[in-house]
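Read off the chains here:
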Amino acid sequence: MDYLPCEMIEHIFSFLPYDDRLQATAVCRRWKAIFEARVINETLLTVANIHRDGVELSSFHCGIRKMINSTRIYRDLKFVDIDFSNIELNVDRQLSIMIANLGLNVLNFTMQGCRLSYAKLYMVIRLLRRLKTVCIDDCRIYHDLIPVPEFKPRATQLQKVSIFNINSEDEWSITNLLMNGNSASIAIKAEKCRLKSVEDLVEIYADRIKHLTLSFSETRTTRRIFECSTLTLESLCLIRNPNLDMHHISFQETIATQTMLRELNINMPISLRTLADISRNFTVLEYLQVRINEKETIEAMPFIWPKLKILDLTYSGDIGTVLQEMEFKSELEELRLHTRKLTKYTLLLIYEKCCTIKRLTLAALSLIRCEKMLGSIGERLAALSEIELQCGSRTTFVPFFKSASSLRYLTSLVFVYCDLITNKTLANITLPYLNKLAIVQNLKISKQGLEILFQNCPRIKSLTLQACPGVDDGAVQFIAAFLPYLEFLDISKSAHITLNSVRHIFEGCRLLKDLRIDDCQRLILQWRLAPNYIQSFPRLKSYYHAYPEYFNSYLPVETADECDSDYCYYDDTSVDLSDVDDYLEDFEPVAPIEEPSRDAEPAHVVVISDDE
């Protein structure tokens with residue numbers, strides 16, 4: 001048993017309920033390792049209260065009641081869009097019981113877009129006793145009349161606290177609750193918050209703040225944040241109107257003192273002189289994302305990067321002239337270039353200066369005489385594992401595909417707006433170890449080319465064919481037949497697929513974890529009339545309950561007496577269907593779908609689901 005491949009073991013055990021699979025870990029060491037690594041450690045439990053038109057949902061109670069007695073183990077817990085002030089008292093108590101039961105194992109907790117009182121936040125943190133990381137993202141936190149006991153440090157195990165754009169009249173109490181009694185590192189995102197609150201946090205916790213994202217306003221306001229001598233940031237992201245420039249004087253007066261920065265992201269245009277200042281001041285920089293001013297004149301100045309590993313550079317001019325002046329003393333691992341035109345000279349510089357990169361992104365409106373130069377990529381960049389090409393010019397990439405077949409480490413390939421990739425071109429792709437393939441906005445490929453492609457690339461686990469009109473039910477049938485180990489599929493904006501495609505996917509791809517079929521016109525039309533279809537396909541119905549967010553604009557409503565837990569959406573990323581036995585009828589799949597004559601009302605959705 002220990003010598004079986006992981007995919008085969010997962011396929012065998014995926015038919016068992018969760019508890020039986022947990023017991024199976026006692027008799028198979030290999031399955032125990034897979035179960036703990038993929039089912040437990042990589043599973044995120046998401047509890048979301050999604051509604052429309054301001055209608056509150058009593059059915060949220062069903063999902064909470066189901067989770068109270070759950071025996072599953074979760075390391076990660078996330079609350080999304082829950083208004084705790086409008087939850088009924090009984091539901092609130094059961095929610096507290098659910099949090100307490102999960103609190104023995106939850107290590108990472110995220111609260112996003114929620115509205116709650118300070119007392120409720122105190123209760124949640126106290127019940128989740130083993131937390132190591134906490135993230136409060138875009139939440140409204142207020143004080144109510146319920147007195148909160150004097151805080152005694154309970155979150156002593158916290159290692160990281162993230163506060164992203166919180167809205168509160170008393171931010172001091174929240175930060176004191178999360179940061180008192182521990183030495184956790186702090187990440188702050190202040191895109192919407194007042195800079196005054198950021199100044200207060202920096203003044204008190206400067207030595208613990210490691211990650212900072214804020215809107216760069218006028219220099220004298222921002223200077224007060226960076227002038228603290230004990231502030232030693234590791235990551236900094238500056239956000240501002242992209243049409244406004246950041247002058248090198250402003251740079252020197254604000255962030256030039258943060259010499260220990262390892263990650264820097266500036267979304268506003270900067271000059272080449274500022275870029276030179278960055279290379280001189282930040283000698284330990286490992287990640288850099290910048291955009292060069294379009295009107296900047298090229299000056300001969302060196303850019304030396306001693307430890308840079310990831311470079312993301314945007315420049316509408318001749319990006320080769322900038323790359324020519326750069327010197328990488330360490331081995332660059334990832335290069336992303338966004339420009340208006342890409343020449344063979346730029347590719348030659350990449351081959352010479354960045355020969356050790358593992359991930360390459362080239363985004364340009366046109367590639368000028370680059371066809372043959374791309375044909376040597378397999379020889380010049382032998383360590384590549386991920387390639388992304390975005391191009392709207394008349395480039396066939398045939399030499400590229402022939403050369404890429406020699407890249408033995410290549411696992412990810414992405415093409416965006418590459419119109420000249422046709423069925424004949426796909427026949428040149430022979431990548432037996434490719435795990436991820438994405439083709440976006442292509443008018444030429446169809447099921448004939450995809451059939452040959454999947455035969456030559458049988459190990460694809462993540463497939464994206466977005467906005468490709470040639471993708472229809474026949475193409476999806478090839479996907480289900482040739483890619484049985486597929487885990488992620490995105491066929492959004494495909495006008496010709498129907499619910500038959502969904503059935504083919506469920507029947508052929510047993511390990512599928514995520515399916516994206518947004519904005520498919522014929523599918524949406526059928527889904528409006530879907531209740532009769534769902535009763536005919538047990539797996540389609542289970543998907544309807546597990547991932548309704550993909551169809552939340554057109555979901556049908558079933559009455560509560562037909563199915564008590566219709567609004568309890570709970571699924572496991574290990575493709576366990578045991579939790580939907582309560583509401584699955586024993587119907588056998590039938591052949592082609594016929595549209596019923598009656599319309600269905602749109603549903604309000606409450607989701608409790610697992611996502612990776």
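What you are looking at is a predicted structure, and each value in this text was computed from that prediction instead of being measured. (Residues numbered from 1 in each chain as written. Predicted model: local features only at pLDDT ≥ 70, side-chain atom pairs only at ≥ 80, totals over all residues. Heavy atoms only, no water.)

For the chain, the helix and strand inventory stands at 23 helices and 25 strands. The burial tally for the chain puts 54% of its 612 residues in the buried class. Nonlocal contacts in the chain, meaning residues at least 24 apart in sequence, comprise 73% of its contacts between residues at least 6 apart. As displayed, the chain has an accessible area near 27,500 Å², and 49% of this comes from carbon and sulfur atoms. (Helix = DSSP H or I, 4+ residues; strand = E, 2+ residues; numbered from the N terminus. Buried < 20%, exposed > 50% of the residue type's maximum accessible area, 1.4 Å probe, protein only. Contact = heavy atoms within 4.5 Å. Areas by Shrake-Rupley, 256 points an atom, 1.4 Å probe, with all protein chains shown as cover.)

A few words on the pairing of strand S21 (residues 436-440). The buried fraction of S21 is high, at four of five residues. Bridging between strand S20 (residues 412-416) and S21 involves five bridges; their strand directions are parallel. Residue Phe-415 lies in a different strand from S21, and its bridge partner there is Ile-439. With helix H18 (residues 447-456) bridging S21 and its parallel neighbour strand S22 (residues 462-466), the resulting β-α-β unit is right-handed. (Pairing = 2+ DSSP bridges. Right-handed = clockwise from strand over helix to strand, strands pointing away.)

Time to look at the side chain of Ser-446. If you trace the backbone, Ser-446 turns up in the loop between S21 and H18. Note on Ser-446: relative accessible area 17%, which makes it buried. Residues in contact with Ser-446, not counting those within four places in the same chain, are Asn-423 and Gly-470.

One non-glycine residue, Asp-138, adopts positive backbone phi at about 55 degrees. Residue placement: Asp-138 occurs in the loop between strand S5 (133-137) and strand S6 (140-142). Residue Asp-138 is classed as partly exposed on the basis of its relative accessible area of 37%. Positioned with a positive phi, Tyr-417 is a non-glycine residue whose angle comes to about 60 degrees. Mapping Tyr-417 onto the fold places it in the loop between S20 and helix H17 (423-426).

What follows concerns the pairing of strand S10 (residues 209-215). It is a general feature of regular strands that their side chains alternate between the two faces of the sheet. Here S10 lies mainly inside the structure; five of its seven residues are buried. Two strands pair when backbone bridges link them, and strand S9 (residues 185-190) and S10 are joined in this way by five bridges, in the parallel orientation. Bridged to Lys-189 within S10 is Thr-213. In terms of strand pairing, S10 meets strand S11 (residues 235-239) through five bridges, oriented parallel. When the bridges of S11 are listed, Leu-214 appears paired with Leu-238.

For the rest of this paragraph, the subject is the packing of helix H19 (residues 473-482) against helix H20 (residues 499-508). Two quantities define a packed helix pair, namely the angle between the axes and the distance from one axis to the other. Close contact between H19 and H20 brings their axes to 9 Å; oriented N to C, the two are set at 5 degrees. In terms of orientation, H19 lies roughly parallel with respect to H20. Across the interface between the two elements, Asp-473, Val-476, Gln-477 and Ala-480 of H19 pack against Asn-500, Ser-501, His-504, Ile-505 and Gly-508 of H20. (Axes fitted to C-alpha atoms, helices over the stretch in contact; angles between N-to-C directions. Parallel < 35°, antiparallel > 145°, perpendicular 65-115°, else oblique.)

Here the focus is the confidence of the model for the chain. For the chain, per-residue confidence averages 78 on the pLDDT scale, and 79% of positions sit at 70 or higher. Mean pLDDT values over the elements of the chain span from 42, in strand S25 (residues 606-611), up to 96, in strand S15 (residues 310-314). Scored below 50 in pLDDT, residues 52-56 makes eight contacts in the model with residues more than four places away or belonging to other chains. Confidence over residues 548-612 falls short of pLDDT 50; this stretch has 200 contacts with residues more than four positions distant or in other chains. (pLDDT = per-residue confidence, 0-100.)

Further remarks concern the pattern of salt bridges. Applying the stated rule across the entire model yields 10 salt bridges. Here Arg-223 ties to Glu-253 by a salt bridge, and the two come within 3.2 Å at their closest N and O atoms. One end of the pair, Arg-223, is in helix H9 (residues 219-226); the other, Glu-253, is in helix H10 (residues 248-254), with 30 residues separating them in the sequence. Here Arg-359 makes a salt bridge to Glu-333, at a shortest N to O gap of 3.8 Å. Of this pair, Arg-359 sits in strand S18 (residues 359-368) while Glu-333 sits in the loop between strand S16 (326-328) and strand S17 (334-343); the two residues are 26 residues apart in sequence, bridging distant segments of the chain. Because the salt bridges share partners, they merge into one network encompassing Asp-312, Glu-333, Glu-334, Arg-336 and Arg-359. (Salt bridge = Lys/Arg side-chain N within 4 Å of Asp/Glu carboxyl O.)

Once that is clear, we can look at H9. For H9, the set of buried residues is Thr-219, Thr-221, Thr-222, Ile-225 and Phe-226. Buried residues of H9, viewed axially, fall in a sector of 160 degrees; they line one side. The inward-facing, buried residues of H9 abut helix H8 (195-205), S10, S11 and H10. (Arc of directions from axis to C-beta.)

Most of helix H7 (residues 171-179) is tucked away, with seven of its nine residues classed as buried. Looking at H7, one finds that the buried residues are Glu-171, Ser-173, Ile-174, Thr-175, Leu-177, Leu-178 and Met-179. Phi turns positive, to about 90 degrees, at Gly-181, one or two residues after H7.

Before going further, it helps to examine the packing of aromatic side chains. Enumeration according to the criterion identifies nine aromatic pairs in this entry. Between Phe-79 and Phe-84, the ring centres sit 6.2 Å apart and the planes meet at 50 degrees, which makes this aromatic pair tilted. For the pair Phe-79 and Phe-84, one class covers both residues: buried. Consider the rings of Phe-401 and Phe-415, whose centres lie 5.3 Å apart with planes at 65 degrees: the pair is edge-to-face. Of this pair, Phe-401 sits in helix H16 (residues 398-404) while Phe-415 sits in strand S20, placing them 14 residues apart in sequence. (Phe/Tyr/Trp six-rings, centres within 6.5 Å; stacked < 30°, edge-to-face > 60°.)

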